[in-house]
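Topology and contacts: notes
Given next are the chains, with one letter for each unit.
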Amino acid sequence: MANIQNNLQSIRQRIDNAALRCGRNPGEIRLVAVSKRIGLSAIEQANRAGQTIFGENYMQEAKEKIEQFQGTDAEWHFIGHIQSNKARDVAALIDMVHTVDRIKLAKALNRHAGEYNRKISVLVQVNVGEETQKAGILPGNAEGLVRSLRDFPQLEVKGLMTMPPFKSNPEEVRPYFRILRKLAEDFSAKGLFWDSNRFELSMGMSGDFEVAVEEGATLVRVGTAIFGERPALSV
Ligand SMILES: *Cc1c(COP(=O)(O)O)cnc(C)c1O
């Protein structure tokens, strides 16, 4: 059994140390506990230990969990691929969507969010490695998408997210994190994000979140290092 409270403490310490090493304020970095395929009791343990942001990839699973946490301080981020027929549930229940990568999806989220009278924070997912099998918009098309999203009144475009190519050495991921930061700095300078003074960069997972923090991450998405290995996907 993973000791969730200890893991959370040690990850937070590592985030803070990475921030201080490069002169950043640790307070501007939030930890998203990735709870996909993790059971309620482990999530409850994390929440009792002070963790408030949880990241989910599958809407059906997220929906059941979110119901159980009604009335708590838990906040739910969506970090997986969104099928169009799930946009309604996402718009109803999710606080921040990290994975907007096409206009059609944004349109559906905006429409459903309007029905629920909600504003949703969104990030644009960028395929910085330009990998054919991966979700995310290509870096060269990201500005156009970010500009188009400003037509959707229920969506607040806060920044960018990426899943870089897998590398066993986190240092090899650094250049991809840097590409994402440079893009976001450029868009921010052009006034394209919801907040003109700051932007979100969702990058870094269990194996590379310290490098991501050094490169400017404001949201790190950590699963395994908190909850231990996930059960395999059952087919
Ligand atoms: C599963 C997942 C994570 C967390 O990965 P770990 O290696 O377990 O920390 C982060 N981001 C996304 C998009 C994921 O799907």
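Scroll up a little and you will see the structure.
The shown structure was predicted, so the numbers you read here are calculated from the model rather than taken from an experiment. (Residues numbered from 1 in each chain as written. Predicted model: local features only at pLDDT ≥ 70, side-chain atom pairs only at ≥ 80, totals over all residues. Heavy atoms only, no water.)

1. What to know about the pattern of salt bridges
Filter applied, for reference: One speaks of a salt bridge when a side-chain nitrogen belonging to Lys or Arg is within 4 Å of a carboxyl oxygen belonging to Asp or Glu. Each helix is a run of H or I in the DSSP string that is no shorter than four residues. Each strand is a run of E no shorter than two, and both are numbered from the N terminus.
Taken as a whole and assessed by the stated rule, the structure comprises 24 salt bridges. Across the salt bridge formed by arginine 24 and glutamate 28, the nearest N and O atoms sit 3.0 Å from each other. In this structure, arginine 147 engages glutamate 143 in a salt bridge whose closest nitrogen and oxygen atoms are separated by 2.9 Å. Of this pair, arginine 147 and glutamate 143 both sit in helix α6 (residues 139-149), separated by four residues, roughly a single helical turn.

2. Overview of the site of the ligand
Test applied: In these notes, residues near a molecule or strand are those with any non-hydrogen atom within 4 Å of it. Whenever two N or O atoms come within 3.5 Å, that pair is a polar contact, provided that in protein one can donate a hydrogen and the other can accept it, and provided that, for residues adjacent in sequence, both atoms are side-chain atoms. For the area figures, the Shrake-Rupley method with a 1.4 Å probe applies, and any residue is considered shielded solely by the protein chains shown.
Around the ligand sit Val34, Lys36, Asn57, Ile79, Met163, Met205, Ser206, Arg221, Val222, Gly223, Thr224 and Arg230, and those are all the residues in its vicinity. Between an oxygen atom of the ligand and a side-chain N or O atom of lysine 36, the distance comes to 2.7 Å. Note that a nitrogen atom of the ligand is positioned 2.8 Å from one of the side-chain N or O atoms of arginine 221. Against a free-state accessible area of 390 Å², the protein chains account for coverage of 90% of the ligand.

3. Structural notes on the environment of arginine 178
Spelled out, the test is: Exposure is judged per residue with a 1.4 Å probe applied to protein chains only, and the accessible area is read against the type maximum: over 50% gives exposed, under 20% gives buried, and values in between give partly exposed.
Its place among the elements puts arginine 178 in helix α7 (residues 174-189). A relative accessible area of 38% means that arginine 178 is categorised as partly exposed. Sequence-wise, arginine 178 and valine 211 are 33 residues apart; in three dimensions their C-alpha atoms are separated by 10.0 Å.

4. Considering the packing of α6 against α7
For clarity, the threshold we go by: All axes are obtained by fitting lines to C-alpha atoms, using only the stretch in contact for helices, and the reported angles, taken between N-to-C directions, cover 0 to 180 degrees. An angle below 35 degrees is treated as roughly parallel, one above 145 as roughly antiparallel, one from 65 to 115 as roughly perpendicular, and anything else as oblique. Two helices crossing with the near one rotated counterclockwise from the far one by less than a right angle form a left-handed crossing, whereas a clockwise rotation gives a right-handed crossing. By definition, residues are in contact when any of their heavy atoms lie within 4.5 Å. In this count, Pro and Cys sit with the nonpolar residues alongside Ala, Val, Leu, Ile, Met, Phe, Trp and Tyr, while Asp, Glu, Lys and Arg are called charged and the others, Gly among them, polar.
One can describe the packing of α6 onto α7 by two numbers: an axis separation of 11 Å at closest approach and a directional angle of 30 degrees. Looking at the two axes, α6 sits roughly parallel to α7. Classified by chirality, the crossing of α7 by α6 is right-handed. From α6, Pro139, Ala142, Glu143 and Val146 reach across to α7, where they touch Leu183, Asp186 and Phe187. Its residues assigned to classes, the contact of α6 with α7 comprises five nonpolar, no polar and two charged.

5. Re unusual backbone geometry
Even without glycine at this site, arginine 37 takes up a positive phi of about 60 degrees. A positive phi is found at asparagine 117, a non-glycine position, where the angle reads about 55 degrees. Mapped onto the fold, asparagine 117 is located in the loop between α5 (103-115) and β5 (120-126).

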